[in-house]
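# What the coordinates show
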Amino acid sequence: MTPRDRLVVKVGSQVLCRPDGALSMPVLERLADRLAELRTQGWDVVLVTSGAVAAGRGPFTGPVPSNPVSRRQVLAAVGQVRLMETYRALFDRHGLSVAQVLASKSDFQSRGHYLNMRACIEALLGAGVVPIANENDVVAVTELMFTDNDELAGLLAGLVGARRLVLLSTVAAVLDDAGRPIAEWDDTVHDTADVVQAGTSQLGRGGMRSKLEAARRVAGLGTEVLIADGRDAAVLDALGADRPVGTRFPAGQAASPTRRWLATMEGHALGSVTVNAGAEDALLDRSRLTSLLPIGVDRIEGEFEKGDVIQVRSTDGRMLGCGRSQYDHLEARAVAGRRDHKPLIHCDYLYLVD
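None of these values were measured; they are calculated from a predicted model.

Our next topic: the environment of V8. Within the secondary structure layout, V8 lies in strand β1 (residues 6-11). Taking relative accessible area as the criterion, V8 reaches 0% and is therefore assigned buried. Distance from V8 to Q311, taken between C-alpha atoms, is 28 Å for residues 303 residues apart in sequence. Apart from the residues lying within four places of it in its own chain, the contact partners of V8 are V46, V48, A153, L156, A157, V160, A162, R164, L165 and V166.

Below, the structure written as structure tokens:
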């Protein structure tokens, strides 16, 4: 193992908090102790934590707004202070400093914002600081909210080029349709539709389906993923080790930093192109890298500039991927369906969904 190996650990509200909303100090202490130990073993560690809203609900005695958005903002603002102070004290016992990183979807919507966040986290890791990330619930509203912190953890794993992402839940593993734990996920054997849904609680938004979606996507970009029980001391002891715990998603071929960024942009594209059947077949032929040529484009939608990210769709509306356009929307419409023009999206700037 090299000193530059990166580990992203996401821990959910149901792991961190008791049902009454109070933080579970034994879990937090074990987590901090283990992550501190991993730092001494040469891992760069990024912690993605839920629990701000739940932590705010526990000690808050004032009148809570009846509006759901306002209520979430108040509880998140109160709870985030308490949560970070708890982490600060626990890591301080190991001589480690922590830094709060609050993120919303807007931080991933442009290449500039994405690179700024990456530079910030790289600087923190280089200084020996443990970044602790959470969704910025204080300002996030529906259109800017992540599905849950599983999604955020997956985005950060790609951003820092993590070797491993661990999603800590309250179940021991992903379960198949018969309720049996799956030790290693295989897309050729397992079907996401057959996965047993663990459900959600009042403390969190996520469930097993969201973890599965994040895990498959991140693994496809070259990062190994584990889903395991964060309340189990043996699981925490195994973080950073090569012995199996929970459900493992083997890492696929490592994607370039550009493709890892593009993988975050599916929901933020500024336009779309519909390709014909021939272009779809060529793009989905994984034996070679293929650029999207104008001759393969049937329709252009939206208004975008050169360099903006646009979606690539099939004739029946399926999302095939996204990439950076080499034309603005007017130029793209002018060359659509024509030969002898540069690619609309070069293969180096094209991300295809599995």
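All right, on to the nonpolar core then. Counting residues in each nonpolar core, the largest one holds 45 residues, and the members touching the most others are V8 and F249. Breaking this core down by element, the ones donating at least two residues are β2 (44-49), β3 (98-103), α5 (111-126), α6 (149-160), β5 (164-169), α7 (208-220), β6 (224-229) and α9 (257-262). Of all the elements, α6 adds the most residues to this core, at seven residues. Residue contacts for F249: discarding those within four places in its chain leaves V174, W185, L212, A215, R216, A219, T223, E224, V225 and I227. Membership of the second largest hydrophobic core comes to 36 residues, among which are V9, A54, L83 and M84.

Once that is clear, we can look at the sheet that holds strand β9 (residues 297-302). Strand order in this open sheet of five strands is β9-β8-β10-β11-β12, and the pairing throughout is mixed. Taken across any chain shown, the strands that pair with only one partner, and hence form the sheet edges, are β9 and β12 (350-352). Adjacent strand axes in the sheet meet at a mean angle of 20°, parallel and antiparallel pairs treated alike. For strand β8 (residues 271-275) and β9, the ladder comprises five bridges, and the chain directions are antiparallel. If you follow G271 over to β9, its bridge partner there is G302. Sheet contacts for helix α10 (residues 277-284): β8, β10 (309-313), β11 (319-324) and β12; angle to β8, the most-contacted strand, approximately 100°.

This part covers the sheet that holds strand β7 (residues 247-249). Taken together, seven strands build an open sheet; the order of strands is β3-β4-β2-β1-β5-β6-β7 and the sheet is mixed. The outermost strands of the open sheet, each flanked by one partner alone, are β3 and β7. Strand-to-strand, the axes of this sheet are offset by a mean angle of 20°, without reference to chain direction. With two bridges connecting them, β2 and strand β4 (residues 130-135) associate as parallel partners. Within β4, the residue paired with L47 across the bridge is I132.

Two side chains with opposite charge may pair up if their charged atoms get near one another. Summed over all chains, the structure comprises 21 salt bridges. The closest approach of N and O atoms between R39 and D44, which form a salt bridge, is 3.3 Å. Overall, D44 belongs to the buried group, its relative accessible area being 13%. For the salt bridge of R163 with D242, the shortest nitrogen-to-oxygen distance reads 3.5 Å. Placement of R163 in the loop between α6 and β5 and of D242 in the loop between α8 (233-238) and β7 is noted, with a sequence separation of 79 residues between them. Given a relative accessible area of 31%, R163 falls into the partly exposed group. Looking at D242, the relative accessible area reads 62%, which means it is exposed. Several salt bridges converge on common partners, so that one network encompasses D5, R163, R164, E184, E224, D242 and R248.

As for its placement among the helices and strands, R259 is situated in helix α9. For R259, which is buried and forms no salt bridge, the nearest opposite charge comes from D348, at a distance of 4.6 Å. Polar contacts involving the side chain of R259 include one to the main-chain carbonyl oxygen of L350, which spans 3.0 Å. Once you skip the residues sitting within four places of it in the chain, R259 turns out to touch L289, C347, D348, L350 and Y351.

Two numbers describe a pair of packed helices, the interaxial angle and the distance between the axes. One can describe the packing of α6 onto α7 by two numbers: an axis separation of 9 Å at closest approach and a directional angle of 10°. Comparing their axes, α7 and α6 come out roughly parallel. For the pair formed by α6 and α7, the contact residues are D150, G154 and A157 on the first element and S210, K211, A214 and V218 on the second. Its residues placed into classes, the contact of α6 with α7 shows three nonpolar, two polar and two charged.

Attention now moves to the pairing of β1. Burial within β1 is extensive, with six of its six residues counted as buried. With burial as the criterion, each face of β1 is covered, one bearing R6, V8 and K10 and the other bearing L7, V9 and V11. Judged from the six bridges that link them, β1 and β2 form a sheet pairing that is parallel. Within β2, the position partnered with R6 by the bridge is D44. In terms of strand pairing, β1 meets β5 through five bridges, oriented parallel. If you follow V9 over to β5, its bridge partner there is V166.

Rules used throughout
Residues numbered from 1 in each chain as written. Predicted model: local features only at pLDDT ≥ 70, side-chain atom pairs only at ≥ 80, totals over all residues. Heavy atoms only, no water. Helix = DSSP H or I, 4+ residues; strand = E, 2+ residues; numbered from the N terminus. Buried < 20%, exposed > 50% of the residue type's maximum accessible area, 1.4 Å probe, protein only. Contact = heavy atoms within 4.5 Å. Core = buried A, V, L, I, M, F, W, Y, C linked by side-chain atoms within 4.5 Å. Pairing = 2+ DSSP bridges. Axes fitted to C-alpha atoms, helices over the stretch in contact; angles between N-to-C directions. Salt bridge = Lys/Arg side-chain N within 4 Å of Asp/Glu carboxyl O. Lys, Arg positive; Asp, Glu negative; His and termini not counted. Polar contact = N/O pair within 3.5 Å; in protein donor to acceptor, adjacent residues only side chain to side chain. Parallel < 35°, antiparallel > 145°, perpendicular 65-115°, else oblique. Nonpolar A, V, L, I, M, F, W, Y, C, P; charged D, E, K, R; others polar.

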